[in-house]
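Understanding the architecture of this molecule
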Amino acid sequence: MDTSPSTVTTEHGQNVDDLSRSLQRFNWPDYLVFVLMLVSCIFIGIYFGYKDHQKHKNRKTARRDSEALDYLVGGRKMQIFPVAVSLVASWISGISLLGTSTEIYVYGTQYCYIVVAVVLMGFAMHYIFLPVFHDLQITSAYEYLQLRFDKRMRLIGSILFTLASILWLPIVVYVPALAFNQVSGVNIHVITPIVCLVCIFYTSVGGLKAVVWTDVIQTTIMVGAMIIVIIKGTMDVGGLGVVIERNSAGQRFDKPDFNLDPTERSTFWNLFIGGTFFWTSTNATNQNMIQRYLSLPTLKTARKALILFLVGTTAVLSLCCYNGLLIYAMYHDCDPLSTGLAKAKDQLVPLLVMEVLSKYPGLAGLFVAGIFSAALSSLSTALNSLSAIVLEDFCKPFVRQPLTENQVRYLMRVTVLVFGALAVVLVVVVEKMGAVLQLSMSLGPVTLGPLFGLFIMGMFFPRINGTCAIIGTFAGLATMSYIVIRSQVSIALGEMVFAEKPVTVEGCTYDFVPSNKTVSFSPDEVVTQVQKSLHHVSFLYYTLIGSMVPTIIGYLSSILMGFIGSSSTEKHQVDPQLLAPFLQKYYQPSKANHVMEVIHEFETKDIQL
């Protein structure tokens with residue numbers, strides 16, 4: 001597509017800026033719907049906070065930290081359905097809602113095959129990770145690392161998760177603010193503090209119960225709004241047949257690409273192998289998710305919640321993928337990125353919403369409320385999980401005297417406040433970076449990859465001890481830091497260019513100045529200007545690399561220590577209950593023992609060997 005830098009004029013003569021302002025019709029019914037969503041979250045937080053306060057106030061004899069048990073894991077008495085919905089809401093953030101649809105519009109349907117990785121993740125969770133965690137009845141997933149290795153590994157695991165959350169939270173906050181800016185014109189840095197304050201309030205007041213039940217309401221709003229947009233949008237473009245026809249003509253439908261080149265941005269193998277590692281790591285070793293599974297009373301109920309989570313996640317991903325096809329069908333002959341009608345790729349979805357729903361008072365507000373609901377659910381989940389990590393991993397192991405109930409109460413709530421404020425501040429940094437889906441799947445594995453490697457070493461390789469695990473973890477961190485930082489620099493310098501699907505502006509009915517920043521390529525037109533190296537590997541492989549490097553280095557270190565006569569590996573005994581279930585019957589420690597593990601102050605688990 002060849003366009004000059006001069007203004008492209010059509011017979012209608014309407015300017016792109018005028019059109020953009022005309023689409024920002026966020027009226028009082030829309031604001032009302034949006035505010036009602038926020039108010040409902042506040043009242044849910046107050047309700048559960050009051051119930052727990054009365055419960056502990058009226059209880060004459062309470063076990064130490066019983067309030068922490070209620071606040072962090074709902075007393076381990078949560079119900080299957082709300083927890084399953086909360087799991088979906090925690091995972092399907094605004095990043096997925098906007099990022100996945102954008103991915104399909106810009107790069108085609110290849111990413112849809114990620115559903116295969118979702119299914120494989122479900123098997124890994126069902127047969128390996130959930131049985132281990134539920135048998136131990138821990139609160140922080142990283143307590144496992146202390147039981148399997150030592151206190152050092154628990155601290156390292158908690159630090160890695162905290163760093164991953166700090167990188168992820170501002171992206172979660174930024175995405176809905178971007179959508180709100182597109183439909184209303186309100187500045188991103190005005191709306192983010194307001195919404196985050198609401199989230200901080202109901203999370204700190206109501207704990208896990210408030211988080212889970214607000215997730216149920218928010219997910220209902222989110223999915224309902226998406227379905228309304230999809231149905232109305234499909235009708236506006238002329239039906240499902242037109243959507244399929246236009247996307248087929250626009251080369252959006254992709255067969256599975258079985259190219260083995262790991263530097264290709266998105267192939268079936270990237271999604272199948274790399275996607276499985278990414279999804280498993282973010283579900284099996286992420287405190288956000290594990291904390292919900294552990295709030296259920298039994299392993300059987302946790303597995304049922306997992307099945308519902310897989311069904312719900314697959315359904316929402318399918319809606320997001322179709323939404324991307326719908327966006328192309330709507331703008332097949334006038335790309336809004338080339339004309340500047342959408343200032344960023346991740347504003348395509350809100351632009352579609354205003355095109356489809358702006359004539360119906362309140363519906364646009366409902367969709368934006370849905371986007372914010374997805375973000376709030378992810379944000380509240382992360383903040384609640386961080387409060388568990390700070391309490392269980394950063395404070396309790398290092399205090400001489402047990403914390404009082406008041407100290408625990410204030411510590412958990414201050415943690416929520418501090419990390420929520422930090423997320424708002426870091427939005428400024430995220431605003432300067434690229435598309436949110438690739439960004440979130442690139443930055444996260446810097447820490448989540450080595451963290452996943454720790455759990456792989458722990459559950460699958462009993463000969464690896466704490467010292468070997470530390471060596472492997474730092475090797476993984478160094479490797480992933482180099483790959484991710486170097487790749488982001490290459491993208492910024494234009495050294496890494498990804499093949500985008502072709503677009504056109506031939507059908508535009510308004511005036512615009514073609515953007516010099518938006519360049520569309522067909523796959524055959526992309527020319528690699530630099531020699532490919534390690535940092536050119538697809539971002540989908542980041543978690544795989546980040547977890548395999550620590551595992552390999554850790555295992556080789558254990559072998560080396562055995563050769564040089566180190567007694568630490570010879571005497572290193574592992575409780576079989578800490579290994580993957582299918583390995584437990586094959587691994588027998590040299591000496592049978594009876595272990596009494598104090599998991600945390602409010603619960604004691606007796607492990608029989």
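Residues numbered from 1 in each chain as written. Predicted model: local features only at pLDDT ≥ 70, side-chain atom pairs only at ≥ 80, totals over all residues. Heavy atoms only, no water.

A few points about the packing of aromatic side chains
Going by this rule: Note on aromatic pairs: the rings of Phe, Tyr and Trp (six-membered ring only in Trp) are paired at centre separations within 6.5 Å, and the planes decide the class, stacked below 30 degrees, edge-to-face beyond 60, tilted for the rest. Put simply, DSSP H or I for four residues or longer makes a helix, DSSP E for two residues or longer makes a strand, and each gets a number counted from the N terminus. Only protein chains enter the accessibility calculation, which uses a 1.4 Å probe; a residue whose area is less than 20% of its type maximum is buried, one above 50% is exposed, and one in between is partly exposed. In this scheme, Lys NZ or Arg CZ marks a charge over a ring once it lies within 6 Å of the ring centre and within 35 degrees of the ring normal.
Taken as a whole, this structure holds 17 aromatic pairs when the rule is applied. An angle of 15° between the planes, with centres 5.6 Å apart, marks the rings of Tyr 144 and Phe 455 as stacked. Within this pair, whereas Tyr 144 is found in helix α7 (residues 143-148), its partner Phe 455 is found in helix α19 (residues 445-460), the two being separated by 311 residues in sequence. Across the pair, Phe 455 and Tyr 144 agree in class, each one buried. Through successive ring pairs, a cluster of aromatic residues spans Tyr 113, Phe 258, Phe 268, Trp 269 and Phe 272. Lying across the ring of Tyr 555, Arg 463 places its NZ or CZ 5.9 Å from the centre.

What about a nonpolar patch on the surface?
Counted only if it meets this: A residue counts toward a patch only above 30% relative accessible area and without a salt bridge, and it is joined to like-charged neighbours within 9 Å or, for Val, Leu, Ile, Met, Phe, Trp and Tyr, to nonpolar neighbours within 5 Å. Method for areas: the Shrake-Rupley scheme with a 1.4 Å probe, in which residue coverage is limited to the protein chains shown. Counted as salt bridges are all cases of a side-chain nitrogen of Lys or Arg within 4 Å of a carboxyl oxygen of Asp or Glu.
Taken together, Val 35, Val 39, Phe 43, Ile 46 and Phe 201 make up a surface patch of nonpolar side chains, about 420 Å² in accessible area. The biggest single contributor to the nonpolar patch is helix α2 (residues 28-58), with four residues.

Here's the deal with the nonpolar core
Rules: For the purposes of this section, nonpolar cores are sets of buried Ala, Val, Leu, Ile, Met, Phe, Trp, Tyr and Cys residues that join through side-chain atoms within 4.5 Å.
Ranked by size, the top nonpolar core spans 164 residues in total, and within it Phe 34, Tyr 144, Tyr 293 and Phe 309 carry the most contacts. Residue contributions to this core peak at 16 residues, all from helix α9 (residues 188-237).

Let's talk about the pattern of salt bridges
Using the criterion set out here, one finds three salt bridges in the structure. Here Arg 152 makes a salt bridge to Asp 150, at a shortest N to O gap of 2.8 Å. With a relative accessible area of 41%, Arg 152 lands in the partly exposed category. A salt bridge links Lys 232 to Asp 236; the shortest N-O distance between them is 2.8 Å. Separated by four residues within a single helix, Lys 232 and Asp 236 lie in helix α9, roughly one turn from each other. The exposure class of Lys 232 is buried, given its relative accessible area of 19%.

Comments concerning the packing of α19 against helix α21 (residues 542-563)
As a reminder of what qualifies: Orientation is described by lines fitted to C-alpha atoms, with helices fitted over the stretch in contact, and by angles between N-to-C directions that extend from 0 to 180 degrees. The scheme is simple: roughly parallel for angles under 35 degrees, roughly antiparallel for over 145, roughly perpendicular for 65 to 115, oblique for anything else. Two helices that cross are described as forming a left-handed crossing if the nearer one is turned anticlockwise from the farther one by less than a right angle, and a right-handed crossing if clockwise. Whether two residues are in contact is decided by their heavy atoms: any pair within 4.5 Å suffices. When residues are sorted by character, Ala, Val, Leu, Ile, Met, Phe, Trp, Tyr, Cys and Pro go into the nonpolar class, Asp, Glu, Lys and Arg into the charged class, and all the rest, Gly among them, into the polar class.
Look at α19 against α21: their axes get within 7 Å of each other, and the N-to-C directions meet at 45°. Judged by the inter-axis angle, α19 sits oblique to α21. Like other packed secondary-structure pairs, α19 and α21 cross with a definite hand, here right-handed. When α19 is examined against α21, the residues Pro 445, Gly 449, Pro 450, Phe 452, Gly 453, Ile 456 and Met 457 are found in contact with a partner set consisting of Tyr 542, Thr 543, Gly 546, Ser 547, Met 548, Pro 550, Thr 551 and Gly 554. For the contact of α19 with α21, the class distribution of residues is eight nonpolar, seven polar and no charged.

Description of the confidence of the model for the protein
Reading predicted coordinates in detail is not appropriate for stretches of low pLDDT. For clarity, the threshold we go by: pLDDT: the predictor's confidence for each residue, scored from 0 to 100.
Mean pLDDT over the protein stands at 77; residues scoring 70 or higher make up 78%. Here strand β4 (residues 603-608) is the element of the protein with the lowest mean pLDDT, 40, and helix α10 (residues 240-249) is the one with the highest, 92. Contacts of residues 1-12 to residues separated by more than four positions or lying in other chains number 23 contacts, the stretch itself having pLDDT below 50.

Concerning the environment of Gly 250
Position of Gly 250 among the secondary structure elements: in the loop between α10 and α11 (268-284). We classify Gly 250 as buried; its relative accessible area is 4%. Taking the C-alpha atoms as reference points, Gly 250 and Asp 333, 83 residues apart in sequence, are found 9.5 Å from one another. Those residues in contact with Gly 250 that sit more than four places away from it in its chain are Tyr 328 and Pro 502.

Comments concerning the side chain of Thr 282
Quick reminder of the rule: Polar contact is defined as a pair of N or O atoms within 3.5 Å, subject to the rule that within protein one atom must be able to donate a hydrogen and the other to accept it, and that residues adjacent in sequence are counted only when both atoms are side-chain atoms.
Mapped onto the secondary structure, Thr 282 falls in helix α11. For Thr 282, a relative accessible area of 4% gives the class buried. Here Phe 278 takes part through its backbone oxygen, which lies 2.9 Å from a polar atom of the side chain of Thr 282. Contacts of Thr 282, omitting those with residues within four sequence positions, involve Trp 91, Met 289 and Leu 448.

Details of the environment of Ile 470
Locating Ile 470 in the fold gives a position in helix α20 (residues 466-492). Using a relative accessible area of 16% as the deciding quantity, one classes Ile 470 as buried. Spatially, the C-alpha atom of Ile 470 lies 9.7 Å from that of Ile 553, the residues being 83 residues apart in sequence. Residues contacting Ile 470, with those up to four places away along its chain left out, are Arg 152, Met 153 and Ile 156.

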